[in-house]
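Listed below are the residues making up each chain.
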Amino acid sequence: GEQAVPNDLSVEADETAAVITGANSSGKTTLLRAVGANRFLFQLGFHVIASSASIPVANGIYTLFAGSENDDNSRFADEVRVTEQILQAIQPGALVLLNEPYTSTNPQEAQSLIVRLISGLKERGASCLCVTHFYGLQASCMEKGITAASFVMEAQQGESLTDFRFTYKLRKEQTHGCSLAENVAAQLVHACRRRLQPFQR
């Protein structure tokens, strides 16, 4: 019964990467899926789900949506394998969609690996859209000479930890280090307690 929240996503011609940050459940992955779905619709000649769109034809669309741990490989090993396959396969003009890569390793190493990956994509003439929890990723890209657009998923915070809500709106701005992890955790705990209340004696 809720209405969809429209968003605008645009990058400049010299921006070879776009980085979207935001808290858990703020809509990053949903937005990435929407971008991917619209790109596939466009490439196949169908109407896109947008009020207006200007989309360049991509020379291939590649995705990295990490899976869970399995018996054969860790999540990290699977991500390394898939990214290596992407780097070997892509051609100039390709688009790569990255959903929170390398979160199964420590943040410093993960951020370094993502920058190396985006740099490799740039060298091969590909563009990239990456959603991540790493607020410093866009700045790290710029330090390596990668011109990256920066977006943030909005959140409105009130007076208490549980008094905040996501707007699911995207803003094009420099990423910041304001964490909402405590707010999200407090809301989850509050929701769990409400669900358990009928079972308590």
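Refer to the structure presented above.
A. Representation of the environment of Val-11 within the structure. By the element assignment, Val-11 lies in the segment before strand 1 (17–21). A residue is classified by how much of its surface remains accessible, and Val-11, at 44% relative accessible area, is partly exposed. A C-alpha to C-alpha distance of 9.3 Å links Val-11 and Lys-172, two positions 161 residues apart in sequence. In this view, Val-11 contacts Ala-18, Ala-149, Phe-151 and Lys-172; residues no more than four positions away in its chain are not counted.

B. Seen up close, the sheet that holds strand 1. The sheet built from six strands is open, its strands ordered 2-3-4-1-5-6 with mixed pairing. The sheet terminates laterally at strand 2 (61–65) and strand 6 (164–172), the two strands that pair on one side only. Within this sheet the neighbouring strands show an average axis-to-axis angle of 15 degrees, counted without direction. Two elements, strand 1 and strand 5 (residues 148–157), share five bridges in a ladder whose sense is parallel. The residue of strand 5 that forms the bridge with Ile-20 is Phe-151.

C. Structural detail: the packing of aromatic side chains. According to the stated counting rule, one finds two aromatic pairs in the structure shown. Each ring, one from Phe-166 and one from Tyr-168, has its centre 6.3 Å from the other, and the planes form 50 degrees; the classification is tilted. Given the relative accessible area of 38%, Tyr-168 is considered partly exposed.

Each value, and the rule that gives it
Residues numbered from 1 in each chain as written. Predicted model: local features only at pLDDT ≥ 70, side-chain atom pairs only at ≥ 80, totals over all residues. Heavy atoms only, no water. Helix = DSSP H or I, 4+ residues; strand = E, 2+ residues; numbered from the N terminus. Buried < 20%, exposed > 50% of the residue type's maximum accessible area, 1.4 Å probe, protein only. Contact = heavy atoms within 4.5 Å. Pairing = 2+ DSSP bridges. Axes fitted to C-alpha atoms, helices over the stretch in contact; angles between N-to-C directions. Phe/Tyr/Trp six-rings, centres within 6.5 Å; stacked < 30°, edge-to-face > 60°.

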